[in-house]
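The primary structure of each chain is shown beneath.
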Amino acid sequence: MINSPINTQPYNLLATFLAPDKTEQQIAELQALIGQDKINWGLVLLQANIDFCTPLWYVQLKMDNLFYLVPQDLQEYLTVIYDANCERNQLFREELEKVLIFCEAEQIQTILLKGAATFYDNLYGDDGARVMKDLDLLIKPEQIDAVVGYLVASDYQVIPDPGRTVENKQTDLRHHHIDAYQKRGTPVVIEIHYNTLYAETGQILPPEDAWNRSISCVDHYPLCNILSPSDRLLHHALHATNSQREFIQGNIFLLYLTEYQYLKKKNCLTFEDITKGKNPIIRHYLTPLRTFDYLAQILFSEISSYAEVPLRTKLHGKRVLAWQNSSLALHEEKHSLSATLTNALLQSYFLSQVPMWMWRNTCYAAGFSSIPDRIRMCIKKLFTTESYKKI
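The following paragraphs examine the structure supplied in this document. (Residues numbered from 1 in each chain as written. Predicted model: local features only at pLDDT ≥ 70, side-chain atom pairs only at ≥ 80, totals over all residues. Heavy atoms only, no water.)

1. Overview of the pairing of strand E2 (residues 135–139)
The buried fraction of E2 amounts to 5 of the 5 residues, a majority that puts the element mostly inside the structure. Here E2 shows a buried face lined by Leu-135, Leu-137 and Ile-139 and a second buried face lined by Asp-136 and Leu-138. For strand E1 (residues 110–113) and E2, the ladder comprises 4 bridges, and the chain directions are antiparallel. By the bridge assignment, Leu-112 is partnered in E2 with Leu-137. As paired strands, E2 and strand E5 (residues 189–193) are joined by 4 bridges and run parallel to one another. Along E5, the bridge assignment pairs Leu-135 with Ile-190. (Buried < 20%, exposed > 50% of the residue type's maximum accessible area, 1.4 Å probe, protein only. Helix = DSSP H or I, 4+ residues; strand = E, 2+ residues; numbered from the N terminus. Pairing = 2+ DSSP bridges.)

2. A short note on the pattern of salt bridges
Going through the model one piece at a time under the given rule, you end up with 14 salt bridges. In this structure, the salt-bridge partner of Arg-184 is Asp-155, at a minimum N-O distance of 3.1 Å. In this pair, Arg-184 is assigned in the loop between strand E4 (181–183) and E5 and Asp-155 in the loop between helix H7 (144–153) and strand E3 (156–158), connecting sequence segments 29 residues apart. Note that Lys-264 and Asp-293 form a salt bridge whose closest N and O atoms lie 2.8 Å from each other. In this pair, Lys-264 is assigned in helix H11 (residues 254–267) and Asp-293 in helix H13 (residues 286–300), connecting sequence segments 29 residues apart. (Salt bridge = Lys/Arg side-chain N within 4 Å of Asp/Glu carboxyl O.)

3. Quick notes on the side chain of Lys-264
A relative accessible area of 14% means that Lys-264 is categorised as buried. Here Lys-264 is in contact with Leu-233, Leu-269 and Asp-293, once residues within four sequence places are set aside. (Contact = heavy atoms within 4.5 Å.)

4. Focus on the nonpolar core
One finds Phe-17, Trp-57, Leu-254, Leu-257 and Leu-299 to be the most contacted residues of the largest nonpolar core, which totals 66 residues. Sequence-distant contacts of Trp-57, that is, excluding residues within four places in its chain, are made with Leu-14, Phe-17, Leu-18, Trp-41, Val-44, Leu-45, Ala-48, Leu-74 and Leu-78. Ranked by size, the runner-up nonpolar core spans 30 residues in total, among them Val-99, Leu-112, Ala-117 and Ile-178. (Core = buried A, V, L, I, M, F, W, Y, C linked by side-chain atoms within 4.5 Å.)

5. Section: the side chain of Thr-196
By the secondary structure assignment, Thr-196 is in the loop between E5 and helix H8 (207–213). Take Thr-196: its relative accessible area is 2%, and that puts it in the buried class. At a separation of 2.4 Å, a polar atom in the side chain of Thr-196 contacts the main-chain carbonyl oxygen of Leu-205. (Polar contact = N/O pair within 3.5 Å; in protein donor to acceptor, adjacent residues only side chain to side chain.)

This is a description of form; function is not addressed.
Next up, the structure:
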């Protein structure tokens, strides 16, 4: 972490709390800040809830011996959330093991993606640290029907996704998973992927490369695979910045930034290690990827010099931080005019970038022959209520 006064804006401050491997000096600075009673705990908690990292905040406060310094009511709330997440994750883990046992018996290979992979490498050292929305499994297309059959027989029901339209057009290529399945009476949701990432970004890490470089978890039962360290970091960063327009909007979740930092520290990889040797399409995404990496550095790392970071990356980093803090400020009853104007300006930037994002994502298809289908899809999306709601 940078040797400078702690930034007390909610997004930055929460990142400081979440940073792994703090020095004694950094912990002492946080202790002093807590003692000054100048922290707006309500806004920091709101940020944690928005970014799905409330249980992780609890774990990190405990690890840094800061938990009993925060207000009593916050201690109680965090404890309840953490305990509930432990129970939830236990359900997810048990169901994941059942699916993997079936896959191993049927000789179906799987790669665990995103949160599911953290179960198998114990990334956080605490089963209750990470919030799981669903379990993502990469499975070869010809084996998906067998897994779906198992899920249906095991009391899972499909969750129809109206936004995942299949029209037998070239633009169907943008999809990367089938509709999710949920275990009846539980929060457990399983999402089966046949491609690694959404739309054009799926070409950066094609499934055949993911399979060829994947690592078998031979020390675990049941058997499964996870992405190679560099592929996992790249997959994580692309998903965190592009899957739902996160980068252009500035809506980068601290859960994803923190996990990225944990993975980088565990595998001792640089940004160049993560991005080298990939499909040339990656050039369109280097700015979002660099900005994501830069944010992880300035919020979590011990590096104090950023002279080699491109100016564009620094400006986008400032934009993301400004969006996060101005958006949260609007939740206050008496927010400043500055927060309102900043938010409006950044929203204008976002809207200006949406058409290009749509072209490479919602309307994606490969090759020149697909251009008519892509144009048709763009026109369709521009005039649907659902699209405006997403924006």
